[in-house]
Amino acid sequence: MILAENVKAALQIISRNKVRSFLTMLGIIIGVMSVIFILSVGSGAQSLILNQIKGMGSNLIGVLPGKADDDGPPAQAMGILITSLKSKDIQKIVKSYPHITAGTGYVKGTDTVTWGFNKTDTTFVGVSASYPSVEDVNIDKGRFFDDQENRSSAKVVVLGSQAASELFNSTDPVGQKIKIKKTNFTIIGVVEERGTSGFQNQDNQIFVPLTTAQKVLLGINYISFARLKIDDASNVDKSMEFVRYSLRDLHDIDNPKDDDFSVRSMAQGLEIVTTITNALRFFLASVASIALVVGGIGIMNIMLAAVAERTREIGLRKAVGARKVHIMSQFLIETVTITLFGGLIGIITGVLISVLVAQIVQAMGYNWDLVISFFSIALGCIVSVGVGLIFGLIPARRASKLDPIEALRYE
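This text gives an overview of the structure that appears in the document.

Rules and cut-offs
Residues numbered from 1 in each chain as written. Predicted model: local features only at pLDDT ≥ 70, side-chain atom pairs only at ≥ 80, totals over all residues. Heavy atoms only, no water. Helix = DSSP H or I, 4+ residues; strand = E, 2+ residues; numbered from the N terminus. Buried < 20%, exposed > 50% of the residue type's maximum accessible area, 1.4 Å probe, protein only. Contact = heavy atoms within 4.5 Å. Polar contact = N/O pair within 3.5 Å; in protein donor to acceptor, adjacent residues only side chain to side chain. Phe/Tyr/Trp six-rings, centres within 6.5 Å; stacked < 30°, edge-to-face > 60°. Lys NZ or Arg CZ within 6 Å of the ring centre and 35° of its normal. Core = buried A, V, L, I, M, F, W, Y, C linked by side-chain atoms within 4.5 Å. Axes fitted to C-alpha atoms, helices over the stretch in contact; angles between N-to-C directions. Parallel < 35°, antiparallel > 145°, perpendicular 65-115°, else oblique. Left-handed = near helix turned anticlockwise from the far one by under 90°. Pairing = 2+ DSSP bridges. Patch = residues over 30% accessible without salt bridge, like charges linked within 9 Å, V, L, I, M, F, W, Y side chains within 5 Å. Areas by Shrake-Rupley, 256 points an atom, 1.4 Å probe, with all protein chains shown as cover. Salt bridge = Lys/Arg side-chain N within 4 Å of Asp/Glu carboxyl O.

**Remarks on the overall build of the chain**
- Helices and strands together make up the secondary structure of the chain, namely 14 helices and twelve strands.
- Taken across its 411 residues, the chain has 46% of its residues classed as buried.
- Across the chain, the fraction of contacts at a sequence separation of at least 24, relative to all contacts at a separation of at least 6, is 77%.

**Quick look at the side chain of arginine 248**
- You can see arginine 248 is positioned in helix α8 (residues 236–250).
- Engagement of the side chain of arginine 248 in a polar contact is seen with the side chain of aspartate 259, the distance being 2.9 Å.
- When sequence neighbours within four positions are dropped, the list of residues in contact with arginine 248 reads Ile253, Pro256, Asp259 and Phe261.

**What to know about the packing of aromatic side chains**
- Counted under the stated rule, the structure contains eight aromatic pairs.
- Centroid distance phenylalanine 144 to phenylalanine 207: 6.4 Å. Interplanar angle 50°. Geometry classified as tilted. With a gap of 63 residues between them, phenylalanine 144 in the loop between β4 (139–142) and α5 (147–151) and phenylalanine 207 in strand β10 (residues 205–209) connect regions that are remote in the sequence. Phenylalanine 207 shares its class with phenylalanine 144; the two are buried.
- Here the aromatic residues Tyr106, Tyr131, Phe144, Phe145, Phe207 and Phe225 are joined through ring pairs into a cluster of three or more.
- Here the guanidinium or amino end of arginine 227 rests over the ring plane of tyrosine 106, the centre of that ring lying 5.2 Å away.

**Here's the deal with the nonpolar core**
- Residues Val157, Ile178 and Ile180 are the most contacted members of the largest nonpolar core, which totals 38 residues.
- Here the element with the most residues in this core is α8; it accounts for five residues.
- Once residues lying within four places of it in the same chain are set aside, the contact partners of isoleucine 180 are Asp111, Val113, Phe124, Val157, Phe185, Ile206, Val208 and Leu217.
- Listed in part, the 19 residues of the second largest apolar core include Leu60, Val125, Phe145 and Phe207.

**Quick notes on the packing of helix α3 (residues 87–96) against α8**
- The contact between α3 and α8 brings their axes to 10 Å, and the two run at 130°. Judged by the inter-axis angle, α3 sits oblique to α8. Judged by the sense of rotation from one axis to the other, the crossing of α3 with α8 is right-handed. Residues Asp89, Lys92, Ile93 and Ser96 of α3 form the contact with α8, whose participating residues are Phe242, Val243, Ser246, Leu247 and Leu250.

**Let's talk about the pairing of strand β5 (residues 156–159)**
- Residues Val156 and Val158 point to one face of β5 and Val157 and Leu159 to the other, with burial holding for every one of them.
- For β5 and strand β7 (residues 183–191), the ladder comprises four bridges, and the chain directions are parallel. Pairing of leucine 159 across the sheet is with valine 190, part of β7.
- Sheet analysis places β5 next to β10, joined by two bridges and oriented antiparallel.

**Side note on the pairing of strand β11 (residues 225–230)**
- With six of six residues buried, β11 lies mostly within the body of the structure.
- The side-chain alternation of β11 yields two buried faces, one formed by Phe225, Arg227 and Lys229 and the other by Ala226, Leu228 and Ile230.
- Direction of pairing for strand β1 (residues 60–65) relative to β11: antiparallel, over a ladder of four bridges. Paired with isoleucine 61 across the two strands is leucine 228, which belongs to β11.
- Across six bridges, the pairing between strand β2 (residues 100–115) and β11 is antiparallel. Note that in β11 the partner of threonine 104 across the bridge is arginine 227.

**Some remarks on a nonpolar patch on the surface**
- Residues Leu280, Phe283, Leu284, Val287, Ile290 and Val294 make up a contiguous nonpolar surface patch of about 560 Å² in total accessible area.
- Elements supplying a minimum of two residues to the nonpolar patch: α9 (266–288) and α10 (290–309).
- Counting through the fold element by element, leucine 284 comes out in helix α9.
- Leucine 284 sits in the partly exposed class, given a relative accessible area of 38%.

**Some remarks on unusual backbone geometry**
- Unusually for a residue other than glycine, serine 153 sits at a positive phi of about 55°.
- By secondary structure assignment, the location of serine 153 is in the loop between α5 and β5.
- Exposure remark for serine 153: the relative accessible area of 13% places this residue in the buried category.

**Details of helix α7 (residues 210–218)**
- Restricting attention to buried positions, one finds in α7 the residues Leu210, Thr211, Thr212, Ala213, Gln214 and Leu217.
- Phi for glycine 219, located one or two positions after α7, is positive at around 70°.

As structure tokens, this is what we get:
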């Protein structure tokens, strides 16, 4: 009965001072909304990346230059340039192990590609002739370059579907010449539409022979990374061990601790990406929760002001028999009611914004999952009540300790 009366009184006080009550709740609303929104968007972004990695298949092995711990990112991911991995290493490995059906090295660069007066900014990717087999790429028009063109550093290019559309509109690009880094290349094919992968627009890329990219466009003799396709997912682990053994032999490495490369399967890549994105998601949520602390301090200040305003009321209640616990519970319930209302508004707002963002991203063609967990909603409610209890304690204690005679005299 006492609890119900205190809640009713708290609602009356909130309704009497609507503007002040809303401003009091604002910090809690923003904090809870930010936490829900960041957890939802973080989960959506995580699902986008993981779905795209899974879409590449479970029978791929990635080889990157530089030593890395089993659970950590490769050195190259930290921005360190390592030139130890060569295309010839990958070619020898592919030829010497029957479970590896195809493999290619990769190098990348960016440039403004031109055809006549038309131009487009794009990423050029140097790959070997087995690239379509490794990544299950289909050719829409023309063909992909062959091993002979790769060995001879031929100036031929295969366009992504978007790059072809932006440069040529309705004109058939096969047989036309474009300029990449002021060098003429002959278009021999166009890749079918592929969409996005890892926030990279695959359709705006163009593909040139690996040796051409190295010698003509970039002036390097190493590859940035490599992918190997395995005949069956059950042979991935054995193949990884073979790749490690072969690279140590090719690079004259006796001790595995001295490896200058790292070999990862898609499953390991998924685990690493999940770990990194989870850490980033909760870090951002913890930063957003700072708004809850700020909101809590604001509520404490407002409730301290409310104690001063209602000093005579407190004195009157004490004079007619109210004890310290009654006064304290009254102010704590008021504070918790305010923060709980703020938390509920923050939850609703955060969910609505998360839904809106998911719809916008999905409309842009990304495989984005709308994830609003019960945990984040429950966390919003619990945190709201906790903030009310913690920051309402000081005003409540101050109110409960007022002397009734002095309180009645207060002007």
